[in-house]
Amino acid sequence: KAGVTQTPRYLIKTRGQQVTLSCSPISGHRSVSWYQQTPGQGLQFLFEYFSETQRNKGNFPGRFSGRQFSNSRSEMNVSTLELGDSALYLCASSLEPNYGYTFGSGTRLTVV
Amino acid sequence: GENVEQHPSTLSVQEGDSAVIKCTYSDSASNYFPWYKQELGKGPQLIIDIRSNVGEKKDQRIAVTLNKTAKHFSLHITETQPEDSAVYFCLLSGQLIWGAGTKLIIKP
C-alpha cells in the first residue's frame, strides 16, 4: 500500500512569504502529526490531528498552523517566513494518536 | 516540563558487534516507547516499540528493554551490519518528545 506522501519535496521561499505544505496519510490512517527537524534542535513536534480535530500542539508561534480534511489529508501553513524556519518538515500518520507512526520523506524548506 | 535524554550522541562499533542506545525520561504517564531509525534523506522509520506492561521485546537482531522503575528504555542491536548505520531516535509518546538522536556508525 502507498506510504505517507508529502508535497512538495523541496521548496525555496523568501523571508516574509507564506508557505503551505501537504501531507497525504496512509489509507485508513486518521491521525496525522507534523514535526520540524533541524540540525540544531532535532525533531520537534508541531501539531497532531485526529478526525479533523487538533488534539495536541507543540511550542511553536502562531505563524505555524495546520488543518486536516475529511479525507484525513493534512496541510500545514507557515506565514511570515523567517530564516530560522528553514528545516525539514515531516508528516507522520497512524491509525490512532501516539502509536505506530509512519513518516513521509519530508519537505525541505529553505528560506532565503 | 517533561524531558527525555538519549545517550550516546554518537556510537561507533565494529561490524558484527553489538550496539546499545539508552533513553531516560521523567514522565511517569508514558506507556508506549518506540524507537525510530532515520537514514539520510528519508523520514524516520519505526523499527521496534514496547508497551509499559512488557519488559522486553525482540525482533530478530533488534530488541528493546524497558525499566519503568528507573524510567529508561534501551535499544539493542546485535550482530551489527553496515545497513544499520543511521540515526536512531527514541520517542516519549505521551508528550511527543523526541530524544536528540544517536548517530550509529558501523565500521567495516
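A quick note: this is a predicted structure, and the numbers were derived from the prediction, not measured.

Trainee: Which residues make up the overall build of chain B, and what are the values?
Mentor: Summing up its helical and strand segments, chain B has zero helices and 11 strands in all. Beginning at the N terminus, the succession of helices and strands in chain B can be written as β-β-β-β-β-β-β-β-β-β-β. Relative to the compact-globule value of 13 Å for 108 residues, chain B shows a C-alpha radius of gyration of 13 Å, a close match. Each principal axis of the C-alpha atoms in chain B carries an extent, and together these give about 40 × 25 × 20 Å. The 108 residues of chain B split such that 44% are buried. Considering only contacts in chain B between residues 6 or more positions apart, those separated by 24 or more positions represent 52%. For chain B, the exposed area adds up to about 5300 Å²; of that, 47% sits on carbon and sulfur atoms. Charge separation in chain B, taken as the distance between the mean sites of 11 positive and 12 negative side-chain charges, equals 2 Å.

Trainee: Tell me about the layout of surface pockets, and please be specific about residues and values.
Mentor: When its volume is computed, the largest pocket comes out at roughly 720 Å³. Contributing to the lining of the largest pocket are 30 residues, with A:Gln37, B:Gln38, B:Leu40, B:Val87 and B:Phe89 lying nearest its centre. Mapped by element, the contributors of at least two residues to the lining of the largest pocket are β4 (31–38), β5 (42–50) and β9 (87–94) of chain A together with β9 (86–92), β10 (97–98) and β11 (102–107) of chain B. The element that contributes the greatest number of residues to the lining of the largest pocket is β9(B), accounting for three residues.

Trainee: Mind laying out the packing of aromatic side chains, listing which residues take part and the relevant values?
Mentor: This structure, assessed with the given rule, holds 15 aromatic pairs over all chains. Ring geometry for A:Tyr35 versus A:Tyr101: centroids 6.4 Å apart, planes at 75°, classification edge-to-face. Here A:Tyr35 is found in strand β4, whereas its partner A:Tyr101 is found in the loop between β9 and β10 (102–103), with 66 residues between them in sequence. With respect to burial, A:Tyr35 and A:Tyr101 carry one shared label: buried. Pairwise contacts between aromatic rings join A:Tyr35, A:Phe45, A:Tyr101, A:Phe103, B:Tyr36, B:Phe89 and B:Trp98 into one cluster.

How each quantity is defined
- Residues numbered from 1 in each chain as written.
- Chains lettered and ligands numbered in written order.
- Predicted model: local features only at pLDDT ≥ 70, side-chain atom pairs only at ≥ 80, totals over all residues.
- Heavy atoms only, no water.
- Helix = DSSP H or I, 4+ residues; strand = E, 2+ residues; numbered from the N terminus.
- Rg over C-alpha atoms; globule rule 2.2 N^0.38 Å.
- Buried < 20%, exposed > 50% of the residue type's maximum accessible area, 1.4 Å probe, protein only.
- Contact = heavy atoms within 4.5 Å.
- Areas by Shrake-Rupley, 256 points an atom, 1.4 Å probe, with all protein chains shown as cover.
- Lys, Arg positive; Asp, Glu negative; His and termini not counted.
- Charge placed at Lys NZ, Arg CZ, Asp CG, Glu CD.
- 1 Å grid on protein atoms, 1.4 Å probe; cavity = no way out; pocket = protein on both sides within 12 Å on 5 of 7 lines; lining within 4 Å.
- Points joined across faces, edges and corners; volume = space filled by probe spheres on them.
- Phe/Tyr/Trp six-rings, centres within 6.5 Å; stacked < 30°, edge-to-face > 60°.

All quantities given are derived from atomic positions and should not be read as evidence of function.
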